[in-house]
Amino acid sequence: MGAQRTTGRPRIVVITGASSGIGRETALRCARRRDRVVLAARSEGMLREVAEECLAAGARDVVVQPTDIGEADEVQRLFDLAVDVFGGVDVAVQCAAVTAFGRFEDLPVDVFERIIRTNLIGAANVARCALVHFQARGDGHLVLVGSLLGEVAVPYQSAYVASKFALNGLVRVLRQENRSTPGVRVHGIYPGPVDTPVYGTADNYLEQTPRVPPTADTPASVAKAIMREADRSHSTERHIGWFTLPAIVAYRLLPSAFDALIGPLLRATAFTTEKNGVR
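All figures in this text were calculated on a predicted structure; none of them were measured in a lab.

**Re helix 8 (residues 244-253)**
Stage number 1. Of all the positions in helix 8, only Thr 244, Ala 247 and Ile 248 are classed as buried. Down the axis of helix 8, the sector holding all buried residues measures 100°, keeping them to one side. For helix 8, the exposed residues set more than 90 degrees away from the buried face come down to Leu 245 and Leu 253.
Stage number 2. Buried-residue contacts for helix 8 involve strand 7 (184-191), strand 10 (236-240) and helix 9 (255-269).

Structure below.
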């Protein structure tokens, strides 16, 4: 285990997906440490609400920048703003993600592509800007929030699963490529289900309604892990939640049984019987 950060110097932290869920909780944790934070998401109104919460929680400074991370030029403007205002970036945390529920063939092409663009292309855009900046400085932490579903495939979220499997691979590649620059740390955070608004806002093409699974963790618990890993002196990958390791073991060692049982299990625990039609 590497040493953890001990200095009390406020850090400059860029957080994407900061308007709700894990991103919002991460921003608030940074604020309580009196960091300077740059908040990014697509919704400016929600970002400004989080910014007020961060200032009330003790953030030294807060900057808001509406950003669609699927657009590389918007991500570059975000990092340029952080450098212009604060002089640099110490930590970049990519939390933004979207999903949709339904069988693969029922997802419209544009919905599938939008999920891939946000979850994978968007994460790559953030990683690229962060790493170019960190490599020039010789120091920095990049945190990419993946998912248990980057190691364990389940039905009814095909685009999300595909994007997170790819993201897990990207994290490992970035760790490998940055081994020669010890000051540049790359962290993968892989939670299981998390109780966020996505279950109520995601497009749904099933006859059942998605709901928060009983195994879900809180966004605060994931944010705590993010901050802990971003204090490490070396690159890390961490699974979050008691459910993740048993699921990975079952997926790898008992693939036939897992594939036979996971569909009925999800329909019983992750969806309600209420029919909401197709959006």
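Once the structure has been displayed, the description carries forward.
**A short note on the sheet that holds strand 4 (residues 91-94)**
Stage number 1. Strand order in the open sheet made by the seven strands is 3-2-1-4-6-7-10, with parallel pairing throughout. Two strands lie at the open edges of the sheet, namely strand 3 (61-66) and strand 10, each paired on one side alone. Pairwise comparison of adjacent strand axes, ignoring direction, gives a mean angle of 15° for this sheet.
Stage number 2. Here strand 1 (residues 12-16) runs beside strand 4; their pairing, made up of four bridges, is parallel. Looking across to strand 4, one finds that Val 13 is bridged to Val 91.
Stage number 3. Helix 1 (residues 21-32) contacts strand 1, strand 2 (36-41), strand 4 and strand 6 (140-145) of the sheet and is inclined by roughly 165° relative to strand 1.
Stage number 4. Running over the sheet, helix 3 (residues 72-86) touches strand 1, strand 2, strand 3 and strand 4 and is turned about 160° from strand 3.

**Structural notes on the side chain of Asp 90**
Stage number 1. In this structure, Asp 90 sits in the loop between helix 3 and strand 4.
Stage number 2. Beyond its immediate chain neighbours, meaning those up to four positions away, Asp 90 contacts Arg 9, Pro 10, Arg 11, Ile 12, Phe 134, Arg 137, Gly 140 and His 141.

**Let's talk about the packing of aromatic side chains**
Stage number 1. A full pass over the atoms with the stated rule returns six aromatic pairs.
Stage number 2. Considering the side-chain rings of Phe 104 and Phe 112, the 5.7 Å spacing of their centres and the 85° angle between planes classify their relative orientation as edge-to-face.
Stage number 3. Overall, the relative accessible area of 23% leaves Phe 112 in the partly exposed class.
Stage number 4. Ring centres of Trp 242 and Phe 243 lie 5.8 Å apart, and the angle between their planes is 80°; this geometry places the pair in the edge-to-face category.
Stage number 5. Counting every residue linked through ring pairs, the aromatic cluster contains Phe 101, Tyr 156, Tyr 199 and Phe 271.

**Topic: the nonpolar core**
Proteins that are soluble and globular tend to have nonpolar side chains buried together.
Stage number 1. Ile 15, Leu 39, Cys 54, Val 93 and Ile 226 are the most contacted members of the largest nonpolar core, which has 30 residues in total.
Stage number 2. Taken together, the elements giving at least two residues each to this core come down to strand 1, helix 1, strand 2, helix 2 (44-57), strand 4, strand 6 and helix 7 (219-229).
Stage number 3. The biggest single contributor to this core is helix 1, with five residues.
Stage number 4. Dropping the residues within four chain positions of it, Ile 15 is found in contact with Gly 23, Thr 26, Ala 27, Cys 30, Val 38, Leu 39, Ala 40, Val 93 and Cys 95.
Stage number 5. Of all hydrophobic cores here, the second largest spans 29 residues; its members include Ala 40, Phe 79, Ala 123 and Leu 142.

The rules behind the values
- Residues numbered from 1 in each chain as written.
- Predicted model: local features only at pLDDT ≥ 70, side-chain atom pairs only at ≥ 80, totals over all residues.
- Heavy atoms only, no water.
- Buried < 20%, exposed > 50% of the residue type's maximum accessible area, 1.4 Å probe, protein only.
- Helix = DSSP H or I, 4+ residues; strand = E, 2+ residues; numbered from the N terminus.
- Arc of directions from axis to C-beta.
- Contact = heavy atoms within 4.5 Å.
- Pairing = 2+ DSSP bridges.
- Axes fitted to C-alpha atoms, helices over the stretch in contact; angles between N-to-C directions.
- Phe/Tyr/Trp six-rings, centres within 6.5 Å; stacked < 30°, edge-to-face > 60°.
- Core = buried A, V, L, I, M, F, W, Y, C linked by side-chain atoms within 4.5 Å.

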